[in-house]
Amino acid sequence: MGFLRDIGAPGIIIIIFGALLIFGPKRLPELGQSIGKMLSEFKSAMNGSDKEADSDSKKNDEKGE
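Criteria and thresholds
Residues numbered from 1 in each chain as written. Predicted model: local features only at pLDDT ≥ 70, side-chain atom pairs only at ≥ 80, totals over all residues. Heavy atoms only, no water. Helix = DSSP H or I, 4+ residues; strand = E, 2+ residues; numbered from the N terminus. Buried < 20%, exposed > 50% of the residue type's maximum accessible area, 1.4 Å probe, protein only. Areas by Shrake-Rupley, 256 points an atom, 1.4 Å probe, with all protein chains shown as cover. Patch = residues over 30% accessible without salt bridge, like charges linked within 9 Å, V, L, I, M, F, W, Y side chains within 5 Å. Salt bridge = Lys/Arg side-chain N within 4 Å of Asp/Glu carboxyl O. Expected span 1.5 Å × (residues − 1).

Secondary structure summary: the protein chain contains three helices and zero strands in total. In the protein chain, the succession of helices and strands from N to C terminus is α-α-α. When each of the 65 residues of the protein chain is scored for burial, the buried share is 3%. Here the protein chain has roughly 6000 Å² of accessible surface; of this, 64% comes from carbon and sulfur atoms.

Following this line, the structure appears as structure tokens:
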């Protein structure tokens, strides 16, 4: 992820301008909302898998394995 640190403010402005040209001003909020939902679901899935792994390890500890 080293290349993300080298983008800077001008690079971010160019990326936003390019997205605006490609998707248009009406689709950009929808795109941002769908990306936000995707990241939220991914985060909750990752937290859920951690909880499942913790509960499995606790069950194994109780059984003496």
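Time to look at a nonpolar patch on the surface. Taken together, the side chains of Phe17, Leu20, Leu21, Ile22 and Phe23 make up a nonpolar region of the molecular surface, amounting to roughly 540 Å² of accessible area. Within the fold, Phe17 resides in helix H2 (residues 8-23).

Overall, the coordinates contain one salt bridge when judged by the stated rule. The residue Glu30 makes a salt bridge to Arg27 at a minimum N-O spacing of 3.6 Å. Taking the relative accessible area as the measure of exposure, Arg27 reaches 49% and is therefore partly exposed.

Another point: H2. Across its 16 residues, H2 extends 23 Å between first and last C-alpha, which sits within 8% of the 22 Å expected from 1.5 Å per residue. Little of H2 sits inside the fold, with one of its 16 residues counted as buried. Phi for Gly24, located one or two positions after H2, is positive at around 85 degrees.

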